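Here is how the chains run, residue by residue.
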Amino acid sequence: MEMKQINDLREIQLKIEELTHAYVQCIDDNRLEEWPEFFTEDCLYQIISRENDERNFPASLIYCDSKGMLKDRITAHRQANIFEAHVYRHIVSSIRITSHENDTYTVHSNYAVFQTRVNGNSEVYNVGKYIDKVIFEDDQPKFKEKKVIYDTLVIPTLLVTPI
Amino acid sequence: MEMKQINDLREIQLKIEELTHAYVQCIDDNRLEEWPEFFTEDCLYQIISRENDERNFPASLIYCDSKGMLKDRITAHRQANIFEAHVYRHIVSSIRITSHENDTYTVHSNYAVFQTRVNGNSEVYNVGKYIDKVIFEDDQPKFKEKKVIYDTLVIPTLLVTPI
Amino acid sequence: MEMKQINDLREIQLKIEELTHAYVQCIDDNRLEEWPEFFTEDCLYQIISRENDERNFPASLIYCDSKGMLKDRITAHRQANIFEAHVYRHIVSSIRITSHENDTYTVHSNYAVFQTRVNGNSEVYNVGKYIDKVIFEDDQPKFKEKKVIYDTLVIPTLLVTPI
């Protein structure tokens, strides 16, 4: 490969890492109103169990297929949550571009989310992997798809904050 | 941006990542005498709860504003700790330069620290975020400021090892 | 250092990170048959407690010194495991090249593995560090040595999946 191509690929890798980091810090800082902006207008955000994903069962905990739905979700979340009972902390690792087709990059990564409740204890809340499809709009990476495939089956289904 | 500028910025990003990695491995390897060397002479190291930080309450668990104080802290820690009762393991992710002014880079990252006690069990000890100010001295990155903002409120206050 | 040398070193760093990421995702996806391919033919894979490693006690939980042994291990694991009772999720951070001699790079990193059991709960399974020796075969990085030094002493010794 030419040096320029390698540099371009590395630049894309680093931009996608930056996207992922900014994404989780946005959630952890509870700036949820900014969260939909990480996605393209016409997007897919899905939270699905590892079991269902492996068996190709479509049943998801969350399934949003437009940025509008993501915004609605946050509005509902804010109205339903009377007080801030929990805080979250994401750790993401192993962000890898596994393939790319035209301008779409498929990216795999592992995550662990820790929850700290009002009693001050931090616990493993949810672990799993992200499978993302990233495109660049005006040189800015965006999630065209973000599939959250969780290992942890014990998850409160009522009011899930984004993962 | 010019290719050279991009390369310079990437180089700085990678050096700051390396600084952070070396920092946590120093603590995890219990080489605490080397720990102050990650800081500038005139520095700030602070461990503060998320709650206090968000409300601008100054009360911190630890507040050291010089490298001398960091060294004193380690000396005290070594003398007070009669035996090594716990070991620590840091996982850091999402190291991002969020801004830079003159030669000072502001860097955000997330961390999780696991503690393994003498019974051999590993547990989530503390999770939170770092907000660092990094400068370069003779091409070596150093922490001018390291603010540890923890989510986990249940933390033994008596003898805190660095986080 | 010349720009080219810096670029070469960065390229090596990124390739070693990619190797580590692909390695853990292979285990987490339960594609264990592919796992030995991350190693050279003549290799060392060792899982040893932090205590034994620090005291230079040789007793290891796992000690395999060829790719053939790694393959045997997976075969045994598959035959002994009648059903998939657990899934694993690795988080790796702080991947650092700490030295290199000729074509061998010594790499340190921290890991945390979470286990999700059939009841759906995710727990901290094992934390520790990797000390790896990486060489390049036809431009592909491989583990010549992978030493898993674990903090967590409570670990089922009967059927350890690779860490």
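Scroll up for the structure.
Residues numbered from 1 in each chain as written. Chains lettered and ligands numbered in written order. Predicted model: local features only at pLDDT ≥ 70, side-chain atom pairs only at ≥ 80, totals over all residues. Heavy atoms only, no water.

J.: Would you take a moment to explain the overall build of chain A for this structure?
T.: The helix and strand tally for chain A stands at three helices and six strands. Of the regular secondary structure in chain A, the N- to C-terminal order runs α-β-α-β-α-β-β-β-β. Expected size for 163 residues packed as a compact globule is a radius of gyration near 15 Å; at 16 Å, chain A falls within 12% of this value. For chain A, the spread of C-alpha atoms along the three principal axes comes to 55 × 35 × 30 Å. In chain A, which comprises 163 residues, the proportion classed as buried is 54%. When contacts within chain A are restricted to residue pairs at least 6 apart in sequence, long-range pairs at least 24 apart make up 57% of them. Here chain A has roughly 7,600 Å² of accessible surface; of this, 49% comes from carbon and sulfur atoms. The distance from the centre of the 19 positive side-chain charges to the centre of the 27 negative ones in chain A is 3 Å. (Helix = DSSP H or I, 4+ residues; strand = E, 2+ residues; numbered from the N terminus. Rg over C-alpha atoms; globule rule 2.2 N^0.38 Å. Buried < 20%, exposed > 50% of the residue type's maximum accessible area, 1.4 Å probe, protein only. Contact = heavy atoms within 4.5 Å. Areas by Shrake-Rupley, 256 points an atom, 1.4 Å probe, with all protein chains shown as cover. Lys, Arg positive; Asp, Glu negative; His and termini not counted. Charge placed at Lys NZ, Arg CZ, Asp CG, Glu CD.)

J.: Can you help me understand the relation of the copies chain C and chain A in this one?
T.: To go from the first copy of the chain to the second, apply a rotation about an axis and then a shift along the same axis. Turning chain C through 120° and shifting it by 0.0 Å along the axis lays it on chain A, with an RMSD of 0.0 Å. Taken together, the rotation angle and the small translation identify this as a three-fold axis. Closest approach to the rotation axis among the C-alpha atoms of chain C is made by Ser93(C), whose C-alpha sits 3.9 Å away. The two copies present different faces, since only 12% of the interface residues in chain C are matched by interface residues at the equivalent positions in chain A. (Least-squares fit on C-alpha atoms with pLDDT ≥ 70 in both.)

J.: How do you make sense of the sheet that holds strand E3 (residues 86-101) of chain C when you look at a structure like this?
T.: Within a sheet, each strand pairs with its neighbour through backbone hydrogen bonds, oriented either parallel or antiparallel. Residues and elements named next belong to chain C. Strands sit in the order E2-E1-E6-E5-E4-E3 across an open sheet of six strands; the sheet is mixed. Looking at strand neighbours, the two that pair on one side only are strand E2 (62-64) and E3, the edges of this open sheet. Strand after strand, the sheet turns through a mean of 20° between neighbouring axes, direction not considered. Pairing of E3 with strand E4 (residues 104-117), which is carried by 13 bridges, proceeds in the antiparallel orientation. (Pairing = 2+ DSSP bridges. Axes fitted to C-alpha atoms, helices over the stretch in contact; angles between N-to-C directions.)

J.: What is the right way to read the packing of aromatic side chains from this model?
T.: As enumerated under the stated definition, the model contains 36 aromatic pairs over all chains in all. When the centroid spacing of 5.1 Å and the interplanar angle of 85° are considered together, the rings of Trp35(A) and Tyr45(A) count as edge-to-face. Placement of the pair is Trp35(A) in the loop between helix H1 (3-28) and strand E1 (39-49) and Tyr45(A) in strand E1, with a sequence separation of 10 residues. Overall, the relative accessible area of 0% leaves Tyr45(A) in the buried class. Here Tyr23(B) and Tyr130(B) contribute two aromatic rings whose centre-to-centre distance is 6.3 Å and whose plane-to-plane angle is 85°, an arrangement assigned as edge-to-face. Of this pair, Tyr23(B) sits in helix H1 (residues 3-28) while Tyr130(B) sits in strand E5 (residues 122-137), placing them 107 residues apart in sequence. Accessibility expressed as a relative area gives 0% for Tyr23(B), which makes it buried. Grouping aromatic residues by their ring pairs yields a cluster made of Tyr23(A), Trp35(A), Phe38(A), Phe39(A), Tyr45(A), Tyr111(A), Tyr130(A) and Phe143(A). Its end group placed over the ring of Tyr23(B), Lys146(B) keeps NZ or CZ at 4.5 Å from the ring centre. (Phe/Tyr/Trp six-rings, centres within 6.5 Å; stacked < 30°, edge-to-face > 60°. Lys NZ or Arg CZ within 6 Å of the ring centre and 35° of its normal.)

J.: I would appreciate a short explanation of the sheet that holds strand E1 (residues 39-49) of chain B in the present structure.
T.: Residues and elements named next belong to chain B. The six strands lie next to each other as E2-E1-E6-E5-E4-E3, forming an open sheet whose pairing is mixed. Of all strands in the sheet, those with a lone pairing partner are strand E2 (62-64) and strand E3 (86-101), marking the two edges. Looking at each pair of strands side by side, their axes are set apart by 20° on average, direction ignored. Contacts from helix H3 (residues 67-80) reach E1 and E2, with the element oriented near 60° to E1.

J.: What is the right way to look at the interface of chain B and chain C in this model?
T.: You'll often see interface size given as the accessible area lost when the parts meet. Listed per partner, the contact involves 24 residues of chain B and 23 residues of chain C. Both faces combined, the contact of chain B with chain C buries some 2,100 Å², and carbon together with sulfur accounts for 51% of it. For the chain B face of the interface with chain C, the top three residues by lost area are Gln25(B), Arg89(B) and Ile91(B), together amounting to 29%. Summed over the shared surface of chain B and chain C, the result is four salt bridges. A salt bridge links Glu18(B) to Arg96(C), with the shortest nitrogen-to-oxygen separation between them at 3.3 Å. At the boundary of chain B with chain C, the tally comes to 16 residue pairs in polar contact (both at pLDDT 80 or more). Those elements that provide at least two residues to the side of chain B that touches chain C are H1, E3, strand E4 (104-117) and E5 of chain B. It is H1(B) that provides the largest number of residues to the side of chain B that touches chain C, a total of 10 residues. Taken together, the residues of the side of chain B that touches chain C break down into nine nonpolar, nine polar and six charged. (Buried area = accessible area lost by both parts, 1.4 Å probe. Salt bridge = Lys/Arg side-chain N within 4 Å of Asp/Glu carboxyl O. Polar contact = N/O pair within 3.5 Å; in protein donor to acceptor, adjacent residues only side chain to side chain. Nonpolar A, V, L, I, M, F, W, Y, C, P; charged D, E, K, R; others polar.)

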